[in-house]
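For reference, the chains in residue letters:
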Amino acid sequence: MMEDVIRYLTRSLLAVAFLTSFGSSMLYGYNLAVVNSPAAYIKNFYNRSVVSRNGTIMDEESLTLMYSLTVSIFAIGGLVGSLMVGVLVTRFGRKGTVVNTSVLVFVASVLMGFSKVCGSPEMVIVGRFITGIHSGISLSVVPMYLGEIAPKNLRGFLGLVPSIFICVGVFSAQLLGLHELLGKEEHWPLLLSLVAVPTFIQLMLLPWFPESPRYLLIEKHNVHATITALKWYRSKCNIQEEIEEMQEEQRSLSSSDTLSVWQLLLDKSVRWQVLSVVVINIGMQLSGIDAIWFYTNDIFENAGIPAGEIQYTTVGTGAIEIIGGLIGCFTIEKLGRRPLVIGGFTIMGVCCAGITLSLILQVSLPFMRYISVTCVVGIIAGFCIGPAGVPFLMTAELFKQSHRPAAYIVGGSLNWISNFTVGFVFPFLQMSAGAYCYLVFAAVCCAVATYVYAFIPETKNKTFVEISRMFSKKEAVLETQALVAPGHVDTLKLRKMNGGYGTLENGSLELDSSSSAP
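Residues numbered from 1 in each chain as written. Predicted model: local features only at pLDDT ≥ 70, side-chain atom pairs only at ≥ 80, totals over all residues. Heavy atoms only, no water.

Asker: With reference to specific residues and values, describe the overall build of the protein.
Answerer: Scanning the protein from N- to C-terminus turns up 25 helices and 0 strands. A burial count over the protein gives 55% of its 518 residues as buried. Residue pairs at least 24 apart in sequence account for 82% of intrachain contacts in the protein once pairs closer than 6 positions are excluded. Working note: accessible area of the protein is about 21,600 Å², and carbon and sulfur atoms make up 66% of it. (Helix = DSSP H or I, 4+ residues; strand = E, 2+ residues; numbered from the N terminus. Buried < 20%, exposed > 50% of the residue type's maximum accessible area, 1.4 Å probe, protein only. Contact = heavy atoms within 4.5 Å. Areas by Shrake-Rupley, 256 points an atom, 1.4 Å probe, with all protein chains shown as cover.)

This is how it looks when you write it as structure tokens:
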């Protein structure tokens with residue numbers, strides 16, 4: 001695998017993967033974690049601002065509600081951003097969208113950075129909402145861009161680079177939030193506004209690199225720009241062969257126009273791809289990873305870790321995230337997508353069940369406290385190895401050019417809705433079910449792993465056209481099984497799929513036993 005990386009990974013590919021992930025994807029992880037450390041300081045600022053305006057102190061319930069809005073509005077902004085992806089990537093292109101949406105980060109940074117000086121809590125909340133919009137766009141566009149510029153041998157490797165930088169963002173927020181660095185009360189506006197620094201670096205350098213070759217050829221019909229872009233991103237590859245593969249995909253499309261979400265959902269030829277995107281994106285958030293972060297401090301405290309040292313232990317879990325992401329990135333082209341997703345969700349399911357068991361037994365068996373800490377580490381590592389990044393990669397791989405933006409809207413919006421749902425429902429679930437609440441997440445993880453094993457084929461080293469044919473064969477086999485019934489065998493006819501992804505030419509069907517299995 002490393003030989004393929006060395007052979008096909010050019011400086012341009014590496015630079016674009018780094019710039020887009022550093023300047024966009026990393027901000028998602030950073031903004032997820034950055035409000036945890038200065039929570040008490042932000043609440044004090046809100047209280048003082050209200051006192052200066054109204055002369056009255058906020059009650060605890062109102063203060064908690066206002067802070068909760070500050071945290072959760074990031075997910076609402078993410079949902080709004082994910083719904084904008086289709087229009088943006090069609091109008092501006094993949095790289096163009098990344099570059100043009102950078103302005104959102106600068107606006108949000110100014111609002112949050114000067115909120116304390118202006119005595120305005122609203123500036124913090126609006127700034128968080130705007131950063132959410134940017135993250136909602138970036139989580140879809142960056143994997144889409146990298147998936148389209150990468151050769152098939154490196155699509156998995158480059159596709160997981162953004163997930164590593166998301167982990168780096170979480171780790172950076174945890175590290176900078178330490179009291180010895182920017183964790184003091186006077187520094188929290190600076191801590192929130194630092195997001196402008198990586199985006200500025202990205203904005204200075206990324207415009208010099210070409211747009212996605214697939215976008216240029218299939219959607220813009222610009223062969224000259226496509227060849228120029230491929231020469232930037234390839235070294236020893238056969239450019240003509242790759243252009244012919246793109247043209248083959250272009251010919252398979254009934255139209256080069258980008259489909260809407262409604263048209264995607266009505267297209268029966270991609271129903272298995274759509275269902276797969278729905279399952280893995282919902283499963284990614286309902287796996288319990290957000291709930292684990294919510295409960296981590298309590299678990300560490302129960303394990304006997306002194307309160308003053310828990311913040312350093314939390315930073316350690318951030319480092320584990322990065323290590324897990326690196327393991328996934330450097331093994332995906334050797335192991336494939338399916339083993340990382342199935343293995344990751346299975347590890348998380350086992351560890352969620354382990355947390356329930358340890359929390360129940362730790363009263364009578366003190367050593368179970370350390371088992372619960374081990375399970376937390378296992379869930380984080382399992383998530384970052386596969387489920388953290390592969391769903392975004394799969395969304396790029398399972399769809400053709402005209403379907404891909406709409407697929408990212410579906411996957412991204414479900415991801416953010418599930419994220420918000422877990423954050424809102426988990427405290428109530430914890431109060432009603434106690435330690436048993438983690439069994440819900442264990443069941444979700446096992447269900448997603450089973451679905452991937454049964455229905456999603458391996459896409460490693462496959463072109464987009466080859467992936468489409470695998471799904472078309474699965475669709476045709478399922479149609480055959482549905483039509484083969486008593487009294488219908490002699491009249492069996494296979495319907496030609498009209499213009500779908502992986503259309504069966506001339507109405508023919510290849511029944512290959514290996515293709516019907518994942």
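Further notes follow.
Asker: Explain the packing of aromatic side chains to me, and be specific about the residues and the numbers.
Answerer: In total, this model carries 12 aromatic pairs according to the counting rule given. With 5.7 Å between their ring centres and 70° between their planes, Phe209 and Trp232 make a pair best called edge-to-face. Note that Phe209 is positioned in the loop between α12 (196-205) and α13 (213-219) and Trp232 in helix α14 (residues 223-233), a separation of 23 residues in sequence. Judged by relative accessible area, which is 15%, Phe209 ranks as buried. A relative accessible area of 39% means that Trp232 is categorised as partly exposed. Through a chain of ring-to-ring contacts, the aromatic side chains of Phe18, Phe22 and Phe165 assemble into a single cluster. Seen from the ring of Tyr67, Lys43 lies directly overhead, with NZ or CZ sitting 5.1 Å from the centre. (Phe/Tyr/Trp six-rings, centres within 6.5 Å; stacked < 30°, edge-to-face > 60°. Lys NZ or Arg CZ within 6 Å of the ring centre and 35° of its normal.)

Asker: Quick rundown of the side chain of Ser24? Include the residues and the values.
Answerer: Note on placement: Ser24 falls in helix α2 (residues 11-33). Reaching out from Ser24, the side chain makes a polar contact with the side chain of Gln202 at a distance of 2.9 Å. Excluding its chain neighbours within four sequence positions, the residues that come into contact with Ser24 are Leu19, Val98, His134, Ser138, Val142 and Gln202. (Polar contact = N/O pair within 3.5 Å; in protein donor to acceptor, adjacent residues only side chain to side chain.)

Asker: Can you tell me about empty space enclosed by the protein, naming the residues and giving the values?
Answerer: Tallying each qualifying case throughout the model produces 2 cavities of 30 Å³ or more. Its boundaries defined by the atoms lining it, the largest cavity holds a volume of some 50 Å³. Lining the largest cavity are Ser25, Ser138, Leu139, Pro143, Gly159, Pro162, Ser163, Ile166, Gly389 and Phe392. Residues of the lining of the largest cavity, tallied by class, amount to 5 nonpolar, 5 polar and no charged. The computed volume of the second largest cavity comes to approximately 30 Å³. Taken together, Gly136, Leu139, Ser140, Phe392, Gly412, Asn415 and Trp416 make up the full set of residues lining the second largest cavity. Here the lining of the second largest cavity is built from residues that sort into 3 nonpolar, 4 polar and no charged. (1 Å grid on protein atoms, 1.4 Å probe; cavity = no way out; pocket = protein on both sides within 12 Å on 5 of 7 lines; lining within 4 Å. Points joined across faces, edges and corners; volume = space filled by probe spheres on them. Nonpolar A, V, L, I, M, F, W, Y, C, P; charged D, E, K, R; others polar.)

Asker: Residues and numbers for the packing of helix α10 (residues 161-176) against helix α19 (residues 310-335), please.
Answerer: It is at 9 Å that the axes of α10 and α19 come closest, and there the two elements cross at 170°. By the angle class used here, α10 and α19 are roughly antiparallel. In this structure, α10 contributes Val161, Ile164, Cys167, Val168, Val170, Phe171, Gln174 and Leu175 to the contact, and α19 contributes Thr314, Val315, Thr317, Gly318, Ala319, Glu321, Ile322, Gly325, Leu326 and Cys329. (Axes fitted to C-alpha atoms, helices over the stretch in contact; angles between N-to-C directions. Parallel < 35°, antiparallel > 145°, perpendicular 65-115°, else oblique.)

Asker: Describe in detail helix α24 (residues 437-455), supporting the description with residues and values.
Answerer: Its 19 residues give α24 an end-to-end C-alpha distance of 28 Å, which sits within 8% of 27 Å, the value for a rise of 1.5 Å per residue. Among the residues of α24, those classed as buried are Cys437, Tyr438, Phe441, Ala442, Cys445, Val448, Ala449, Tyr451 and Val452. (Expected span 1.5 Å × (residues − 1).)

Asker: Summarise the pattern of salt bridges; cite the residues concerned and give the values.
Answerer: Counted under the stated rule, the structure contains 10 salt bridges. Arg337 serves as the salt-bridge partner of Glu333, at 3.4 Å between the closest nitrogen and oxygen. Here Arg337 falls in the buried class, since its relative accessible area comes to 1%. A salt bridge links Arg337 to Glu397; its shortest N-O distance comes to 2.7 Å. With a gap of 60 residues between them, Arg337 in helix α20 (residues 337-361) and Glu397 in helix α22 (residues 390-397) connect regions that are remote in the sequence. As far as burial versus exposure is concerned, Arg337 and Glu397 are alike and both buried. Connected through salt bridges with shared partners, the residues Arg94, Glu148, Glu219 and Arg404 form a single ionic network. (Salt bridge = Lys/Arg side-chain N within 4 Å of Asp/Glu carboxyl O.)

Asker: Give a description of the state of the cysteines that names residues and reports values.
Answerer: The final tally for this structure, using the stated rule, is 0 disulfides. A disulfide-free cysteine, Cys384 has its sulfur positioned 3.7 Å from the sulfur of Cys167, the nearest such atom. (Disulfide = S-S within 2.5 Å.)

Asker: Provide a residue-level description of the packing of helix α3 (residues 39-54) against helix α4 (residues 60-92), including the pertinent values.
Answerer: Contact geometry for α3 and α4: axes closest at 10 Å, N-to-C directions at 120°. Comparing their axes, α4 and α3 come out oblique. Crossing hand, α3 versus α4: right-handed. Listed contacts from α4 to Ala39, Ile42, Lys43, Tyr46 and Asn47 of α3 are Leu63, Met66, Tyr67 and Thr70. Residue composition of the contact of α3 with α4, grouped by class: 6 nonpolar, 2 polar and 1 charged. (Left-handed = near helix turned anticlockwise from the far one by under 90°.)

Asker: An account of unusual backbone geometry is requested, with residue identities and associated values reported.
Answerer: Backbone geometry at His221 places phi at a positive 55°, although glycine is not the residue there. Residue placement: His221 occurs in the loop between α13 and α14.

Asker: Run through the nonpolar core, naming residues and quoting values.
Answerer: One finds Val16, Leu264, Ile355, Ile379, Phe399 and Tyr438 to be the most contacted residues of the largest nonpolar core, which totals 98 residues. Counting residues in hydrophobic clusters, the runner-up holds 28 residues, among them Val35, Phe45, Leu182 and Leu191. (Core = buried A, V, L, I, M, F, W, Y, C linked by side-chain atoms within 4.5 Å.)

Asker: Tell me about the confidence of the model for the protein, and name the residues and values.
Answerer: Do not read the predicted coordinates in detail wherever pLDDT is low. Mean pLDDT over the protein stands at 83; residues scoring 70 or higher make up 87%. Averaged pLDDT values for the elements of the protein fall to 58 in helix α1 (residues 2-8) and rise to 96 in α12. Scored below 50 in pLDDT, residues 489-518 shows 53 contacts in the model against residues more than four places distant or in partner chains. (pLDDT = per-residue confidence, 0-100.)

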